[in-house]
Amino acid sequence: MTDIFFTAVFSENLALSFFLGICTFLAVSQRVDTAFGLGIAVIVIQTITVTANAFVYHALLAPGAWSWAGLPDLDLSYLALIAFIGIIAAMVQITEMVLDRYLPVLHRALGIFLPLITVNCAILGGSLFMVEREYTIGEAAIFGFSSGFGWALAIIAFAAIRERIRYSDMPNGLNGLGSAFLITGLLSLGFAAFAGAAG
Amino acid sequence: MQERKYQSPGFLARSNDDPAKVFGVAISVALTCSLLVSGATAYLRPVQEANLAAEREARMAAMVDAVPGLRDIIAESGADGLETRMVDLSTGQFVPGAETAGFDYDAAASSEDIATTIPGDRDLARLRTRPSQIPVNIVEKDGELLLVVLPMRGRGYQSVISAVMALESDLTTVAALRILEQAETAGLGARIETPEWQASWVGKQVAGTDGTIMIDVVRGGASTSFEVDGISGATVTSQGVANMVRYWLGDHGFGPFIERLRAEGG
Amino acid sequence: MAMREIRSALITNNPVTQQILGICSALAVSTSVATALTMSMALTAVLCTSNVIISSIRHHIPPSIRLIVQITIIASLVIVTDQILQAYAFELSRQLSIFVGLIVTNCLVLGRAEAFASRNPVGPSAIDGLANALGYSLILLLVGTVREVLGQGTWFAMTVFPLASNGGWFEPIGLMTLAPSAYFVIGFLIWAIRSKRRDLVERTGYGLRREELSDD
């Protein structure tokens, strides 16, 4: 359990080693407070969707999932992609409504990020990894939380660095996007150095 | 044509805000897409399965090629390859007359009749269950055992690794290890499939003189004949392979079988 | 017109280096040229087809369910592409792992569907899809080439630099096979493009500020 956590947060960080959700990662990391909000939203949605998708996958899509109905050879796993997308969109919508109804403060803080998350590769990628790595539902929940946590950690660290270098005097062509990529590369190296911590 | 004037406007001509059209479009998109996807999958599945089967065969052939002289030995012995015998893991005995062709490991490991639950404290390979009988490959010449090829499964970092290990006639020297299937992290754990890493197992000793399993994967600087270097950056996968080997050679795996072969000299 | 479109998408308005669209998948599969090429072809196929389909039914997509219709069409195309790869390019599809599936959330595909195909006729949409896919492929193949040549001394698995371990002189750069190098390569690429074309450098940072986001 702890090895799932540590590898998902550090050595196999979704953003830094698998390049997932990088579009959002680069676009919404100008300021630490926005990055923080987005990070929290990703943790919440990732935990919910990976668990829900694991449940749907094991109950409906996995090879042999229909054997109770006398269809042991039915393999619907090719539908996983489209099912996951639908579930993610639905989960984001539901989370948004629940937050709006019961936690309006949180909704104001996270609301603007939720639609962005529906098409975030990190969220879909998390669910696809869950299938590929054959996690059980319990492991999937832990993986969902920890991969979301890793992503949040990465974007907050990245935003903090960018705030510091905003006024640095860099070569003209390197301003903005160029330096952002180089910094992400260094960050990725740093996170990979934690590989040993996973044991 | 003349009559159409008196009917309601055609479906496509309706306003895009008309609920009937919204539903109609949604359903027809869903239907078309599901037909397309299911059709493509059904049509392509035989080709994909043939690919998987061909891959498994190619790796088995690679295994035969990897052991120096094995192909010659098989050719000399006149057998059409390896002899395959079903082994009962708990007793270590061959199961006479058991059908080995078409053995499906996954089906056998999940079927209630023929699977054995692995006790949690002994489940090094983290498999939970295993078949109670598994076919092994044996190469003999003139009644003398030359090689025994043991299939193995074990959980790596993110996938179940499937492998075969060939032991020489002393039943402790590794003749070859081949990873047959894995889906570990590309570039890291997946490097267990590289010929270089698999070659680093050749000649290692799996057990000490008293029969205890000693083989292990270590992080950098393998020094004894019981140690194999792990893959840097893929500790979990490397350890997964080590645990797999240790489980299957141990007394809940092929231990009794190996013990019997050693006692009987084949 | 078509040529101008394509040239613009290759350099000045490249979807990857200028609009930071679709790089997620672009980087993960760039360890070798062969995987990069397969990924490029898969993305080109999906992007062109989805642009054509969405453009041809654009008058009949109700605005209220526009996004979900687009995503469904794209996801179906991706599944079909993935199945075809598994059937006819088995080894490569293994290496591409989940990243073919992730074309669904590739901002580039959905972005072009939404921004261009849903309001333009079929012909221009097809060209727009092709141009953007080529821009994406160009970057991906460049990064793939750099990483494979420096990391393994080969290009398309053909030896370029003989390795020291095989009696040659080239000591491969291990870092190039790891994830961070993709960021470095693309960072330097952007630097190079922008040093040549000063007009492409963004003035005040890029991306959305909180105020801009909440207006939406």
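Please read all numbers here as calculations on a predicted model, not as lab measurements.

Draft legend 1. Local environment of the overall build of chain B. Secondary structure summary: chain B contains 6 helices and 9 strands in total. Looking at chain B residue by residue over its 266 residues, the buried ones come to 42%. Surface accessibility of chain B: about 13,500 Å² in total, with carbon and sulfur atoms responsible for 54%.

Draft legend 2. Structural context of the pattern of salt bridges. Residues and elements named next belong to chain A. In the structure shown here, the tally under the stated rule is 8 salt bridges over all chains. Here glutamate 12 makes a salt bridge to arginine 133, at a shortest N to O gap of 3.2 Å. Residue glutamate 12 is found in the loop between helix H1 (2–11) and helix H2 (14–18), and its partner arginine 133 is found in the loop between helix H8 (121–132) and helix H9 (137–165); the two are separated by 121 residues along the sequence. Of the two residues, glutamate 12 and arginine 133, both sit in the buried class.

Draft legend 3. Broad picture of the interface of chain A and chain C. With 46 residues of chain A in contact, the opposing surface of chain C contributes 46 residues. Interface of chain A and chain C: buried area, both sides summed, is about 4,100 Å²; carbon and sulfur atoms make up 77% of it. When the area that chain A buries against chain C is broken down by residue, the three leading residues are A:Phe19, A:Leu177 and A:Phe181, summing to 18%. The interface formed by chain A and chain C contains 0 salt bridges. Seen at the junction of chain A and chain C, the total is 1 residue pair in polar contact (both at pLDDT 80 or more). Among the elements of the structure, H2, helix H3 (22–27), helix H4 (32–61), helix H5 (80–102), H8 and helix H10 (177–192) of chain A are those that each provide at least two residues to the side of chain A that touches chain C. Ranked by residues supplied to the side of chain A that touches chain C, first place goes to H10(A) with 10 residues. Partitioning the side of chain A that touches chain C into residue classes produces 29 nonpolar, 14 polar and 3 charged.

Draft legend 4. Region of the structure containing the interface of chain C and chain B. Residue-level contacts link 22 residues of chain C with 21 residues of chain B. Between chain C and chain B, the buried area comes to about 1,900 Å², and carbon and sulfur atoms account for 68% of it. Area buried by chain C at its contact with chain B is led by C:His60, C:Gln83 and C:Phe90, which between them contribute 25% of it. One can count 0 salt bridges joining chain C with chain B. Listing elements by their share of the side of chain C that touches chain B, those giving two or more residues are helix H4 (66–88) and helix H5 (90–96) of chain C. Here the side of chain C that touches chain B gets 11 residues from one element, more than from any other, and that element is H4(C).

Draft legend 5. Quick peek at the UniProt feature "modified residue: FMN phosphoryl threonine" (unreviewed entry) in chain B. All names here are of chain B. Following the UniProt record, one finds the feature "modified residue: FMN phosphoryl threonine" (unreviewed entry) at Thr235. Along the chain, the position of threonine 235 falls in helix H5 (residues 235–249). Overall, the relative accessible area of 24% leaves threonine 235 in the partly exposed class.

Draft legend 6. The UniProt feature "transmembrane region" (unreviewed entry) in chain A, seen in detail. Residues and elements named next belong to chain A. Summarizing the sequence annotation, UniProt attributes the feature "transmembrane region" (unreviewed entry) to residues 6–28, 35–56, 76–99, 111–131, 137–161 and 173–198 in the numbering used throughout. End-to-end, the C-alpha atoms of residues 6–28 are 25 Å apart, and along that stretch the chain is 74% helix and 0% strand. Helix makes up 83% of residues 76–99 and strand makes up 0%, while its end C-alpha atoms are separated by 33 Å.

Draft legend 7. Spotlight on the packing of aromatic side chains. In this structure the tally under the stated criterion is 22 aromatic pairs over all chains. Both rings, one in A:Phe18 and one in A:Phe129, keep their centres 4.8 Å apart while their planes meet at 55 degrees; by these two values the pair is tilted. Of the two residues, A:Phe18 is situated in helix H2 and A:Phe129 in helix H8; the sequence distance between them amounts to 111 residues. Each residue in the set A:Phe5, A:Phe6, A:Phe10, A:Phe145, A:Phe149 and A:Phe191 is aromatic and connected to the rest through ring pairs, giving one cluster. A cation sits over an aromatic face here: B:Arg85 above B:Phe94, 4.1 Å from the ring centre. When the ring centre of B:Tyr105 is taken as origin, the NZ or CZ atom of B:Arg153, which lies over that ring, is 4.1 Å away.

Draft legend 8. Looking closely at the side chain of B:Arg130. Residue and element names in this part refer to chain B. Mapping arginine 130 onto the fold places it in strand E3 (residues 129–131). Of note is the side chain of arginine 130, whose polar atom sits 3.1 Å from the side chain of tyrosine 247. Among the polar contacts listed, one links the side chain of arginine 130 to the backbone oxygen of histidine 252, at a separation of 3.0 Å. Excluding its chain neighbours within four sequence positions, the residues that come into contact with arginine 130 are Leu89, Tyr105, Ala109, Ile114, Ala115, Thr116, Ile118, Tyr247, Trp248 and His252.

Draft legend 9. Spatial organisation of the confidence of the model for chain A. Averaged over all residues, the pLDDT of chain A is 85; the fraction at 70 or higher stands at 97%. Averaged pLDDT values for the elements of chain A fall to 76 in helix H7 (residues 114–118) of chain A and rise to 93 in H9(A).

Draft legend 10. Spotlight on the environment of C:Thr81. Residue and element names in this part refer to chain C. Counting through the fold element by element, threonine 81 comes out in helix H4. Classification of threonine 81 as buried rests on a relative accessible area of 15%. Sequence-wise, threonine 81 and threonine 17 are 64 residues apart; in three dimensions their C-alpha atoms are separated by 26 Å. Leaving out residues up to four positions away in the same chain, threonine 81 has contacts with Ala42 and Val46.

Draft legend 11. Region of interest: the state of the cysteines. Counted by the stated rule, this structure contains 0 disulfides over all chains. There is no disulfide at B:Cys33, and the cysteine sulfur nearest it, in C:Cys48, is 18 Å away. By relative accessible area, B:Cys33 is classed as buried at 9%.

Draft legend 12. Broad picture of the pairing of strand E4 (residues 133–141) of chain B. Residues and elements named next belong to chain B. As judged from the 6 bridges shared by strand E1 (residues 83–88) and E4, these two strands associate in the antiparallel manner. Counterpart to methionine 86 in the pairing with E4 is proline 135. Pairing analysis gives 5 bridges linking E4 to strand E5 (residues 144–155), with the strands arranged antiparallel. What sits directly across from valine 139, in E5, is leucine 147.

Draft legend 13. Region of interest: the side chain of B:Arg153. Residue and element names in this part refer to chain B. You can see arginine 153 is positioned in strand E5. For arginine 153, a relative accessible area of 17% puts it in the buried group. Side-chain polar atoms of arginine 153 contact the side chain of aspartate 106, separated by 3.3 Å. When neighbours within four sequence positions are excluded, arginine 153 is seen to be in contact with Tyr105, Asp106, Ala125, Leu127, Val160, Ile161, Ser162, Met244 and Trp248.

Draft legend 14. View of the packing of helix H1 (residues 2–10) of chain C against helix H7 (residues 122–152) of chain C. Residues and elements named next belong to chain C. Orientation of H1 relative to H7, taken along the N-to-C sense of each, is 30 degrees, at an axis distance of 8 Å. Crossing geometry of H1 relative to H7 is assigned as right-handed. Only Ile127, Asp128, Ala131, Asn132, Leu134, Gly135 and Leu138 of H7 make contact with H1, whose side of the interface consists of Ala2, Glu5, Ile6, Ala9 and Leu10. Split into classes, the residues belonging to the contact of H1 with H7 amount to 8 nonpolar, 2 polar and 2 charged.

Cut-offs and rules
Residues numbered from 1 in each chain as written. Chains lettered and ligands numbered in written order. Predicted model: local features only at pLDDT ≥ 70, side-chain atom pairs only at ≥ 80, totals over all residues. Heavy atoms only, no water. Helix = DSSP H or I, 4+ residues; strand = E, 2+ residues; numbered from the N terminus. Buried < 20%, exposed > 50% of the residue type's maximum accessible area, 1.4 Å probe, protein only. Areas by Shrake-Rupley, 256 points an atom, 1.4 Å probe, with all protein chains shown as cover. Salt bridge = Lys/Arg side-chain N within 4 Å of Asp/Glu carboxyl O. Contact = heavy atoms within 4.5 Å. Buried area = accessible area lost by both parts, 1.4 Å probe. Polar contact = N/O pair within 3.5 Å; in protein donor to acceptor, adjacent residues only side chain to side chain. Nonpolar A, V, L, I, M, F, W, Y, C, P; charged D, E, K, R; others polar. UniProt positions renumbered as here; feature names shortened; annotations may be inferred. Phe/Tyr/Trp six-rings, centres within 6.5 Å; stacked < 30°, edge-to-face > 60°. Lys NZ or Arg CZ within 6 Å of the ring centre and 35° of its normal. pLDDT = per-residue confidence, 0-100. Disulfide = S-S within 2.5 Å. Pairing = 2+ DSSP bridges. Axes fitted to C-alpha atoms, helices over the stretch in contact; angles between N-to-C directions. Left-handed = near helix turned anticlockwise from the far one by under 90°.

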